[in-house]
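Examination of the molecular architecture
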Amino acid sequence: MCRHAGYVGPEIGVGELLTRGAHSLRTQAWAPREMRGGGTINADGFGVAWWRAAESVPSSVTEGEGQVRAAGRGDTAGRGGVPDSGMGVRGGVVVSRYRNPAPIWTDPAVEEVLPQLKSTAVLASIRSATVGMPVERAACAPFLGGRWAFSHNGVVPGWRRVLTAVSSDLDTAATQWGATRLFETAQLLEAESATDSAALWVLLGDLLDSAGPEGFVESAGAALALLATTVLTHAPDARLNFLLGDGAQLWATTVHHALSALVTDDCAILSSEPYDDDPRWQPIPDRCLVTARPGHLSVEPLSQAGRQAVTP
């Protein structure tokens, strides 16, 4: 349905993650090897997010078609608000984004502009739109909010009905845990695009807002696992490869679609498909939660992570 990749490590050009290797993410747009159903090419747009120290980025730069945008402190777009109002600053880091609904191979910025932007963390996605969903810039991942960037490779069949039920389940669980009402079904209507991925980001954003030792869920990985397992109770055939980054670490789930990891002492990379023939790439099994940062790779069964997601 899509391809995505995340990187944390020494500073690189933002565009490098899109073009690195003989089987780069850009090449995967027209010649993917492991789509596993749901399409043959990824020509319905692309996006890339990157993180920098807050003081080094202008507080507000308008994002138009094929423009770069950063936003000031307090912006929470991507989570339910005006489309493309969604960058954010938190903890001294700002995440910025570039998106284009055209095929990635048609955009000269990939070679001419994005390589000039430097970052130690990048998250990128190329899109194959599900039939019936819009092809527009607002539908292109990454979706942003606070310090987070999110991508979804897959599909939720009957997503409006399913995600409404998921929102209700999560709200019930949060209420039983003792939280005030966290999940309002009406919030799904505020997703920046009428797609399953954008609506998933609304739900995940609420979970991330409540993550922490004293929160409803204990960590970002727990939030991903809880969302995936709750969706699967209502749509067992959903395809849910999630990818989440905060500028220092990556989290992912594997449900149906492929994912590989390359982790060394210096860097961590998660990618739908290896972009080169480096023997250190590791395929990730299906139905797993992945946590990756330089020098660390954790892979655990998704069902186990989902059961342990809510703090006692």
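Structure report, in brief. For clarity, every value in this text was computed on a predicted model and none was experimentally measured.

**Considering empty space enclosed by the protein**
With the rule as written, the count across this model stands at 1 cavity of 30 Å³ or more. As a volume, the largest cavity reaches approximately 120 Å³. Lining the largest cavity are 16 residues, with Cys 2, Arg 127, Ala 139, His 152 and Ser 197 sitting closest to its centre. When contributions to the lining of the largest cavity are tallied by element, the ones reaching two or more residues are strand 5 (118–127), strand 7 (148–155) and helix 5 (196–209). A class-by-class count of the residues in the lining of the largest cavity yields 7 nonpolar, 7 polar and 2 charged.

**Here we look at the packing of helix 4 (residues 159–177) against helix 6 (residues 220–234)**
The N-to-C vectors of helix 4 and helix 6 enclose an angle of 125°; their axes lie 9 Å apart at closest approach. Judged on the interaxial angle alone, helix 6 and helix 4 are oblique. Remark: the crossing between helix 4 and helix 6 carries right-handed chirality. Contacts between helix 4 and helix 6 involve Arg 161, Val 162, Leu 163, Ala 165, Val 166, Asp 169 and Leu 170 from the former and Leu 226, Leu 227, Thr 230, Val 231, Thr 233 and His 234 from the latter. Here the contact of helix 4 with helix 6 is composed, by residue class, of 8 nonpolar, 3 polar and 2 charged.

**A closer look at helix 5**
An α-helical turn contains 3.6 residues, so a residue and the one three or four places further along point in the same direction. Counted at 1.5 Å a residue, the expected span for helix 5 with its 14 residues is 20 Å, and the 20 Å between its end C-alpha atoms agrees. Counting buried residues along helix 5, 13 of its 14 residues qualify, which places the element largely inside the surrounding structure.

**Quick look at the environment of Ala 149**
Tracing the sequence through the fold places Ala 149 in strand 7. Beyond its immediate sequence surroundings of up to four residues, Ala 149 is in contact with Ala 49, Trp 51, Val 95, Leu 123, Pro 142, Phe 143, Leu 144, Leu 243, Leu 244 and Gly 245.

**Some words on helix 4**
Over its 19 residues, helix 4 extends 26 Å from the first C-alpha to the last, a length consistent with the 27 Å expected when each residue adds 1.5 Å. For helix 4, the set of buried residues is Trp 159, Val 162, Leu 163, Val 166, Ser 167, Leu 170, Asp 171 and Ala 174.

**Quick notes on the packing of aromatic side chains**
Between two aromatic rings, the relevant description is the distance of the centres plus the angle of the planes. The final tally for this structure, using the stated rule, is 7 aromatic pairs. For the ring pair Phe 46 and Tyr 98, a centre distance of 6.0 Å and an interplane angle of 40° mean the geometry is tilted. One end of the pair, Phe 46, is in strand 2 (residues 46–53); the other, Tyr 98, is in strand 4 (residues 93–100), with 52 residues separating them in the sequence. We classify Tyr 98 as buried; its relative accessible area is 4%. Here Trp 177 and Phe 216 contribute two aromatic rings whose centre-to-centre distance is 6.0 Å and whose plane-to-plane angle is 65°, an arrangement assigned as edge-to-face. In this pair, Trp 177 sits in helix 4 while Phe 216 sits in the loop between helix 5 and helix 6, placing the two residues 39 residues apart along the sequence. Judged by its relative accessible area of 1%, Phe 216 is buried. Linked through ring pairs, Phe 150, Trp 201 and Phe 242 together constitute an aromatic cluster.

**Considerations on the pattern of salt bridges**
A full pass over the atoms with the stated rule returns 8 salt bridges. A salt bridge links Glu 192 to Arg 97; the nearest nitrogen and oxygen atoms lie 4.0 Å apart. Here the residue Glu 192 occupies a position in the loop between helix 4 and helix 5, and Arg 97 occupies one in strand 4, the gap between them amounting to 95 residues. The class of Glu 192 is buried, set by a relative accessible area of 6%. Arg 97 gets classed as buried once you look at its relative accessible area, which sits at 0%. Note that Arg 99 and Glu 192 form a salt bridge whose closest N and O atoms lie 3.2 Å from each other. Residue Arg 99 is found in strand 4, and its partner Glu 192 is found in the loop between helix 4 and helix 5; the two are separated by 93 residues along the sequence. Look at the salt bridges and you will find they share partners, linking Arg 97, Arg 99 and Glu 192 into a network.

**Some details on the packing of helix 5 against helix 6**
As a packed pair, helix 5 and helix 6 sit with axes 9 Å apart at the nearest point and diverge in direction by 135°. Taken together, the axes of helix 5 and helix 6 lie oblique to each other. Where helix 5 crosses over helix 6, the two elements pack in a sense that is right-handed. Across the interface between the two elements, Leu 200, Leu 203, Leu 204, Leu 207 and Leu 208 of helix 5 pack against Ala 220, Ala 223, Leu 224, Leu 226, Leu 227 and Val 231 of helix 6.

**Quick look at unusual backbone geometry**
Ala 141 connects to Pro 142 through a cis peptide bond whose omega is 5°. In this fold, Pro 142 is placed in the loop between strand 5 and strand 6 (143–145). Its identity is not glycine, yet His 256 carries a phi of approximately 90°, on the positive side. Along the polypeptide, His 256 turns up in the loop between strand 9 (250–254) and strand 10 (260–263). When its relative accessible area of 30% is taken as the criterion, His 256 is described as partly exposed. Its identity is not glycine, yet Arg 287 carries a phi of approximately 60°, on the positive side.

Conventions we followed
Residues numbered from 1 in each chain as written. Predicted model: local features only at pLDDT ≥ 70, side-chain atom pairs only at ≥ 80, totals over all residues. Heavy atoms only, no water. 1 Å grid on protein atoms, 1.4 Å probe; cavity = no way out; pocket = protein on both sides within 12 Å on 5 of 7 lines; lining within 4 Å. Points joined across faces, edges and corners; volume = space filled by probe spheres on them. Helix = DSSP H or I, 4+ residues; strand = E, 2+ residues; numbered from the N terminus. Nonpolar A, V, L, I, M, F, W, Y, C, P; charged D, E, K, R; others polar. Axes fitted to C-alpha atoms, helices over the stretch in contact; angles between N-to-C directions. Parallel < 35°, antiparallel > 145°, perpendicular 65-115°, else oblique. Left-handed = near helix turned anticlockwise from the far one by under 90°. Contact = heavy atoms within 4.5 Å. Expected span 1.5 Å × (residues − 1). Buried < 20%, exposed > 50% of the residue type's maximum accessible area, 1.4 Å probe, protein only. Phe/Tyr/Trp six-rings, centres within 6.5 Å; stacked < 30°, edge-to-face > 60°. Salt bridge = Lys/Arg side-chain N within 4 Å of Asp/Glu carboxyl O.

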